[in-house]
Amino acid sequence: DVMDELRRAADQGHLGAQYNYGICCRDGTGVPQDDREAARLYRRAANKGHADSQCKLGTCYPFGKGVPHDDDEAARLYRRAAE
């Protein structure tokens, strides 16, 4: 199954897979909807410099989606993504 392969790649540390599987978790596409899991996956890739994941994680903070509400953290992540 494609979702199993994507999850496996994310678990093995593939940054693009972490980002894409995070989107699937956020939207509930092919997997149960789970904002916390989406944020966790974005964070894993963001911490390794994946700019799209930094930006996507940044969008979670103003709305408290899977993370505590934190506008300052959102701004910090947006700045990192822009660098």
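Residues numbered from 1 in each chain as written. Predicted model: local features only at pLDDT ≥ 70, side-chain atom pairs only at ≥ 80, totals over all residues. Heavy atoms only, no water.

Draft legend 1. Just the nonpolar core, in detail. In terms of nonpolar packing, the biggest core is built from 20 residues, with Tyr-21, Cys-25, Val-31, Tyr-42, Leu-57, Tyr-61 and Val-67 touching the most fellow members. Within the residue set of this core, elements represented by two or more residues are helix H1 (2-11), helix H2 (15-27), helix H3 (35-46), helix H4 (51-60) and helix H5 (71-82). Ranked by residue count, the leading element in this core is H2, at six residues. Setting aside residues up to four positions removed in sequence, Tyr-42 forms contacts with Tyr-19, Gly-22, Ile-23, Arg-26, Ser-53, Lys-56, Leu-57 and Cys-60. (Core = buried A, V, L, I, M, F, W, Y, C linked by side-chain atoms within 4.5 Å. Buried < 20%, exposed > 50% of the residue type's maximum accessible area, 1.4 Å probe, protein only. Helix = DSSP H or I, 4+ residues; strand = E, 2+ residues; numbered from the N terminus. Contact = heavy atoms within 4.5 Å.)

Draft legend 2. Layout of H2. Compared with an ideal rise of 1.5 Å per residue, which puts 13 residues at 18 Å, H2 spans 19 Å between its outermost C-alpha atoms and is within 8% of the ideal. For H2, every residue scored as buried is listed here: Ala-17, Gln-18, Tyr-19, Tyr-21, Gly-22, Ile-23, Cys-24 and Cys-25. The elements touched by buried residues of H2 are H1, H3 and H4. After H2 finishes, the residue Gly-28 shows a positive phi value of roughly 75°. (Expected span 1.5 Å × (residues − 1).)

Draft legend 3. Looking closely at the packing of H1 against H2. At a minimum axis separation of 8 Å, H1 and H2 run at an interaxial angle of 130°. Taken together, the axis directions place H1 and H2 in an arrangement best described as oblique. Of the two possible hands of crossing, H1 and H2 adopt the one that is left-handed. Here Met-3, Leu-6, Arg-7, Ala-9 and Ala-10 of H1 come into contact with H2, specifically with Ala-17, Gln-18, Asn-20, Tyr-21 and Cys-24. Broken down by class, the residue content of the contact of H1 with H2 amounts to seven nonpolar, two polar and one charged. (Axes fitted to C-alpha atoms, helices over the stretch in contact; angles between N-to-C directions. Parallel < 35°, antiparallel > 145°, perpendicular 65-115°, else oblique. Left-handed = near helix turned anticlockwise from the far one by under 90°. Nonpolar A, V, L, I, M, F, W, Y, C, P; charged D, E, K, R; others polar.)

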